[in-house]
Amino acid sequence: MGDVLAGFHAAWEFESDSVLIRYQRGLRTPKLLSALGQRRIPLSAIAGVTLAPGRRGTVVLRAEPRPGADPLMEAAAGQLKEGSDPYRLVLPAERETLAEYYADELRSRLTGSGPAERFLVDAPEAPLSFKAYDGKASFDGRTVRFRWFWTGASSAKWKAGDQSFAVSELSGIEWRSPEVFEGHLRLIDGQDTTVQPDQDPATVVFGLGYGPVHESLPFAAAVLAAVRGRGASTAVPAAAVPRRDPADIADRIRHLGELHQAGLVTDEEFTVKKAELLAEL
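What comes next is a walk through the structure. (Residues numbered from 1 in each chain as written. Predicted model: local features only at pLDDT ≥ 70, side-chain atom pairs only at ≥ 80, totals over all residues. Heavy atoms only, no water.)

### Some points on the environment of Leu187
Position of Leu187 relative to the elements: it lies in strand E13 (residues 184-188). Residue Leu187 is classed as buried on the basis of its relative accessible area of 1%. Sequence separation of Leu187 and Arg66 is 121 residues, and the distance between their C-alpha atoms is 24 Å. Residues within four places of Leu187 in sequence aside, it is in contact with Val144, Phe146, Phe165, Leu170, Gly172, Ile173, Ala202 and Val223. (Helix = DSSP H or I, 4+ residues; strand = E, 2+ residues; numbered from the N terminus. Buried < 20%, exposed > 50% of the residue type's maximum accessible area, 1.4 Å probe, protein only. Contact = heavy atoms within 4.5 Å.)

### A word on the pattern of salt bridges
According to the stated counting rule, one finds 14 salt bridges in the structure shown. Across the pair Arg145 and Asp140 runs a salt bridge whose closest N-O atoms are separated by 3.3 Å. Taking relative accessible area as the criterion, Asp140 reaches 12% and is therefore assigned buried. Taken together, the shared-partner salt bridges connect Glu174, Arg176, Arg186 and Asp200 into one network. (Salt bridge = Lys/Arg side-chain N within 4 Å of Asp/Glu carboxyl O.)

### Quick word on the environment of Phe119
Mapped onto the secondary structure, Phe119 falls in the loop between helix H3 (96-109) and strand E8 (128-131). Along the primary structure Phe119 and Ser84 are separated by 35 residues, whereas in three dimensions their C-alpha atoms are 21 Å apart.

### Re the sheet that holds E13
The strand order across the open sheet formed by three strands is E12-E13-E14, and the pairing between neighbours is antiparallel. Where the open sheet ends on each side, the last strands, each with one partner, are strand E12 (172-176) and strand E14 (203-205). Taken over all neighbouring pairs, the strand axes of this sheet differ in orientation by 5° on average, direction set aside. Sheet topology note: the E12/E13 ladder contains five bridges and is antiparallel. Bridge pairing in E13 places Ile173 opposite Leu187. Together, E12 and E13 form the strand contacts of helix H5 (residues 213-227), whose direction differs from that of E12 by roughly 165°. (Pairing = 2+ DSSP bridges. Axes fitted to C-alpha atoms, helices over the stretch in contact; angles between N-to-C directions.)

Any functional reading would require information that these geometric values do not contain.
And the structure:
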């Protein structure tokens with residue numbers, strides 16, 4: 001088709017086998033869409049197309065992704081707010097006839113139906129990172145790392161130490177939006193998933209201002225895609241582990257000492273963890 005249909009926060013470019021969605025950047029554009037930049041959606045990943053009245057004199061054109069086709073939507077698991085839905089294009093109501101034309105054109109070209117056997121839409125590329133309430137999460141395409149913050153991490157996480165999870169060790173992820181109670185990102189690695197998020201070393205906990213959707217959801221989608229076998233070819237080679245900031249190590253040892261004095265860490269645990277921290281200098 002080669003045509004472009006521009007809406008309030010995005011423009012759809014219709015190609016022979018896909019729709020290229022370019023999201024606008026600006027204060028009025030939802031942060032998730034701005035962060036995504038652009039996405040190419042193969043027609044084989046689309047189950048259907050709808051056109052419905054929107055709010056305040058608008059119409060909404062929406063492509064319905066097939067279940068299992070998009071790692072972003074799989075990770076979101078229905079938790080996205082309407083305005084952050086990357087498959088919605090909001091247009092002025094006077095463009096309804098034009099939108100209906102493109103909706104009909106798209107419907108006539110769709111070939112897929114039912115759940116997809118693999119991801120058909122690319123996930124955000126690594127490296128990615130974000131700050132949660134109790135630690136920093138980073139992903140280089142092969143390994144997920146959690147580095148705990150002494151101001152937020154529980155004593156259970158401090159005892160366990162900073163965590164590294166190879167993609168090959170994981171079976172999935174659990175993302176709970178930071179916009180709801182107990183938001184978190186949990187890595188599923190065969191361990192007990194009934195442990196409270198703030199006590200689980202395989203989980204980072206969100207909070208007010210931490211782990212926002214536009215940072216934590218693309219991160220979760222990239223990890224999920226890598227776990228299911230996609231993303232390995234585009235992974236960024238792991239860099240050499242840098243030496244830690246001495247001030248950061250000192251803060252960690254100080255906090256460890258506080259836990260020790262409070263009786264939350266045994267003498268042996270204190271000695272071992274302190275030696276590990278000193279070895280990182």
